[in-house]
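# Observations on the model geometry
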Amino acid sequence: MSKPKLLWLQSISCNGNAHSFLNHPELFSILAHFELIYHPILETNYSLEDIIKKRVECNVLILEGSFVQEGFLKAGVEVSSVIEYYAKRAKDIITVGTCATFGGIFKQKEPDKISGFAFDIEEKTTRYEAYASKLISLPGCPIHPRWLSFVLLMIANGKKLEIDRLHRPVELYGYTVHMGCTRNEYFEWKVDAKNFGLKEGCLFYEQGCQAPFTRGSCNKILWNDTSSKTRVGTPCFGCTEATFPQSSLFFTKTNMGIPAKMPLGVPRRAYLTLTGVTKSFKIKRFSQRLLEYDE
Amino acid sequence: MSILKIAEKKALKRESIIQTALQLFASQGFHKTTIPDIAKKLKMSVGNLYNYFASKDILAKEIIKYTSESLGTKIREVNDTDASSEEKIHQIVTLYFTMAKEKPEMIEYFLRVYLSNREVFNDGCEGMICVSGFITEIMIFFDDGVSSGELRDQDFFSAFGLFMGYLGGMVFLKGEDVLPQEIEFYIDDISRNIYNALKA
Ligand code: SF4
Ligand code: SF4
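Residues numbered from 1 in each chain as written. Chains lettered and ligands numbered in written order. Predicted model: local features only at pLDDT ≥ 70, side-chain atom pairs only at ≥ 80, totals over all residues. Heavy atoms only, no water.

## A few points about the site of ligand 1
Near ligand 1 the following residues occur: A:His178, A:Cys181, A:Arg183, A:Asn184, A:Phe187, A:Cys202, A:Leu203, A:Phe204, A:Cys209, A:Ala211, A:Pro212 and A:Thr230. Classifying every residue of the shell around ligand 1 by side-chain character gives 8 nonpolar, 3 polar and 1 charged. (Near = heavy atom within 4 Å. Nonpolar A, V, L, I, M, F, W, Y, C, P; charged D, E, K, R; others polar.)

Here it is, written out as C-alpha cells:
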C-alpha cells in the first residue's frame, strides 16, 4: 500500500510551527509513515512550482498561517486558491498553530480581514462547511511537536480522533494547561509567586497566568520532554485559545483584588467562597523555600 | 412521625436555639451567658440542648455562620438584580440598617461577641471562614461595580473597610444611644457618601 501523501502549506506565517515540529526527537520515523510531498523547510522531490502548478497529489494537508480572502500572493499566485485546491482533495486537513486555526497573531494586523482557515476566532468562516468533515484544529503558538505527531500517527494508523466543537482533539485539549503544573498546591492555598523564575508560588494571582482557563496539555506533554512554561516560572499566555494574543500579559487583571477571569467552568461565587476559606490559613510549608541547600 | 418530619422539626429547633442564644449573647454578653440560661429560656433541658450543640463555643461559631449567611442571602438578592452600583449601595445600606433595627441582636452579636472574643473563634472560625457567606457577596458586589466601570478599582480591604466599617460604626453608635435620629434617617446621606467614595 502506498503511503499517504503529506503536504505542508503556509499562508501568512512566521514558520514557528514548522520549526517547532523539527524539534521532535522521532521526527523522521514519524514522517516515514508518509510520503512527504512538500514542507517549507525540509527537502522533498517536488518544488514549490510543482505545488503551484497543481502537479502533485495530496492526502493529508497541514496548514500553517492565517488567511485573507484574497490579496496574499506567493510567486504571483493567490495562496488561498492553491490551498483550497488541495484542501478539496485531501482526506484530512490539520490546521497547525493558532493563526491557521483562529487567526492568531497575524489577525491583529487587519482584524476584519484576516482569520483562520475555517474559524475566525470562534466563528465559522465561509470555508467551514466545505471542510468540516475532515478538519482537525491544533491551536498553539507554536504547537508542541508531539501534538502533531499524535494526530499524524492516528491518521497513519487509520484511527478515529475524537474532537470538540472547535475540532480540537479532546485527548490534547480536554485538559487545561493548569492541570499538571507543579505549582498546583500553591494555587489551592492561594500563595503567589514572589518573582519570576522561583520554584515556589502560583502565577495566577499577580503574574497573569492564564492556564486555569486555557485548554492544552503543556503540563502533561512537557516541552522538550522536560518542562513547561509555568513549571519554570513564566505565566501561561493562553496561546492555544481563540482569543490569543491578549494584551497585558504578565499581569492579572483584577477588580478590587478579584480575578477578572475565573478558572474554566468555575462559578465566581464558588471560587470566592473557597478563596476566602483557604486565605484564612497560613500554611508554614508554603512560605518556605522548596529546596534548602546547605551552605 | 416520618423521618422527614423529624428532620424538619430538628432543623426548626436548631434554629430557635440559635436565635435565642443570639439574643442572650448579644444582650448579656458571651461570657455571662451559660448553656443552662439558654435552655431555660427555651424551656428545654440542658441535656437536650447539648444534643444540638456540644459546647457553648460551638454554638457561638454556628451563630456567626448563621448571621453571615442570612445577611449574605439578602445581599445576594441585591447582587442578582440589574441595578446600578449606586442603587445597590442604597439597597445594601437599607437592608443593613433595617436588620440593625428589627433584629439588632444579629449585628450586635457580630460587633460585640464575634469581634471582641477572638479566642473563642480562633479555632474553627479563622479569618473569613465563618463569615464567608457575607464576604463573598460583598466581593461580588465590588467585582460587578468595577467591571462595569462604575466603581474605582482599588484594594479590596480599603473599599470593604470604608463600606462595612462605616455601617458598623453607625450601628454601634445606635447601640450606644448616641444617635439623635432614628437610624433610617441616615440612609440617604450615608449611601451617597459611600458611593462618592467608591465611584470611579
Ligand atoms: S502557575 Fe498557572 S498553571 Fe501553575 S498552578 Fe498557578 S495558575 Fe496553575
Ligand atoms: S503554557 Fe500556555 S502560552 Fe505556553 S505554550 Fe502552553 S498554552 Fe501556550
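## Notes on the domain arrangement of chain A
By a frequent convention, interface size equals the accessible area lost on bringing the separate parts together. Residues and elements named next belong to chain A. Domains assigned within chain A are domain 1 (5-172) and domain 2 (175-281). Of note, the centres of domain 1 and domain 2, computed from C-alpha atoms alone, are 30 Å apart. Taken together, the contact pairs 21 residues of domain 1 with 18 residues of domain 2. Both faces combined, the contact of domain 1 with domain 2 buries some 1,500 Å², and carbon together with sulfur accounts for 60% of it. For domain 1, the biggest contributors to the area lost against domain 2 are His144, Trp147 and Leu172; these three give 32% of the whole. The interface formed by domain 1 and domain 2 contains 1 salt bridge. Put simply, aspartate 225 and arginine 146 hold a salt bridge, and the shortest N to O gap is 2.8 Å. When residues in the side of domain 1 that touches domain 2 are grouped by element, the largest group, 3 residues, is from helix α8 (residues 145-156). Along the lines of polarity and charge, the residues of the side of domain 1 that touches domain 2 split into 11 nonpolar, 6 polar and 4 charged. (Domains from an automatic or database assignment. Contact = heavy atoms within 4.5 Å. Buried area = accessible area lost by both parts, 1.4 Å probe. Salt bridge = Lys/Arg side-chain N within 4 Å of Asp/Glu carboxyl O. Helix = DSSP H or I, 4+ residues; strand = E, 2+ residues; numbered from the N terminus.)

## A word on the interface of chain A and chain B
At the interface, 13 residues of chain A touch 23 residues of chain B. Summed over both sides, the interface of chain A with chain B buries roughly 1,600 Å², with 60% coming from carbon and sulfur. Looking at the side of chain A facing chain B, the largest losses of area belong to A:Met256, A:Arg268 and A:Arg269, adding up to 48% of the total buried there. Viewed at the interface, chain B and chain A are joined by 4 salt bridges. With its nearest N and O atoms 3.6 Å apart, the salt bridge here joins B:Asp80 to A:Arg269. For the side of chain A that touches chain B, the secondary structure elements donating two or more residues are β10 (254-255) and α12 (268-278) of chain A. Ranked by residue count, the leading element in the side of chain A that touches chain B is α12(A), at 6 residues.

## Digging into the state of the cysteines
Residues and elements named next belong to chain B. In total, this model carries 1 disulfide over all chains according to the counting rule given. There is a disulfide in this structure between cysteine 125 and cysteine 130, and the S-S distance comes to 2.0 Å. Classification of the bridge connecting cysteine 125 and cysteine 130 rests on its S-S torsion, roughly -85°, and on that basis the disulfide is left-handed. Accessibility expressed as a relative area gives 0% for cysteine 125, which makes it buried. (Disulfide = S-S within 2.5 Å. Buried < 20%, exposed > 50% of the residue type's maximum accessible area, 1.4 Å probe, protein only.)

## Quick notes on the pattern of salt bridges
Residues and elements named next belong to chain B. Going through the model one piece at a time under the given rule, you end up with 23 salt bridges over all chains. The partner of glutamate 62 in a salt bridge is lysine 65, with the nearest N and O atoms 3.4 Å apart. On the criterion of helical spacing, the pair formed by glutamate 62 and lysine 65 is a turn pair, its members being 3 residues apart in helix α4 (residues 56-79). Its relative accessible area of 33% is what places lysine 65 among the partly exposed residues.

## Quick look at a nonpolar patch on the surface
Where nonpolar side chains cluster on the molecular surface, the patch consists of A:Leu290, A:Leu291 and A:Tyr293 and spans about 340 Å² of accessible area. Position of A:Leu290 relative to the elements: it lies in the segment after α12. (Patch = residues over 30% accessible without salt bridge, like charges linked within 9 Å, V, L, I, M, F, W, Y side chains within 5 Å. Areas by Shrake-Rupley, 256 points an atom, 1.4 Å probe, with all protein chains shown as cover.)

## Points about the nonpolar core
Grouped together as the largest cluster of nonpolar side chains are 81 residues, with contacts concentrated most on B:Leu59, B:Phe97, B:Phe142 and B:Phe163. Discounting residues that sit within four places of it in the chain, B:Phe142 has contacts with A:Met256, B:Leu151, B:Phe156, B:Ala159, B:Phe160, B:Phe163 and B:Leu198. Residues A:Leu31, A:Leu36, A:Val151 and A:Met154 belong to the second largest nonpolar core, which totals 34 residues. (Core = buried A, V, L, I, M, F, W, Y, C linked by side-chain atoms within 4.5 Å.)

## Re the packing of helix α1 (residues 3-28) of chain B against helix α6 (residues 104-114) of chain B
The description of two packed helices rests on the angle between their axes and on the distance between the axes. Residue and element names in this part refer to chain B. Their axes nearest at 9 Å, the elements α1 and α6 cross at an angle of 55°. It follows that α1 is oblique to α6 by the angle criterion. With respect to the hand of their crossing, α1 and α6 are arranged in left-handed fashion. Counting all contacts with α1, which are made through Leu22, Gln23, Phe25 and Ala26, the residues of α6 involved are Glu105, Met106, Glu108, Tyr109 and Val113. Tallied by class, the residues present in the contact of α1 with α6 amount to 6 nonpolar, 1 polar and 2 charged. (Axes fitted to C-alpha atoms, helices over the stretch in contact; angles between N-to-C directions. Parallel < 35°, antiparallel > 145°, perpendicular 65-115°, else oblique. Left-handed = near helix turned anticlockwise from the far one by under 90°.)

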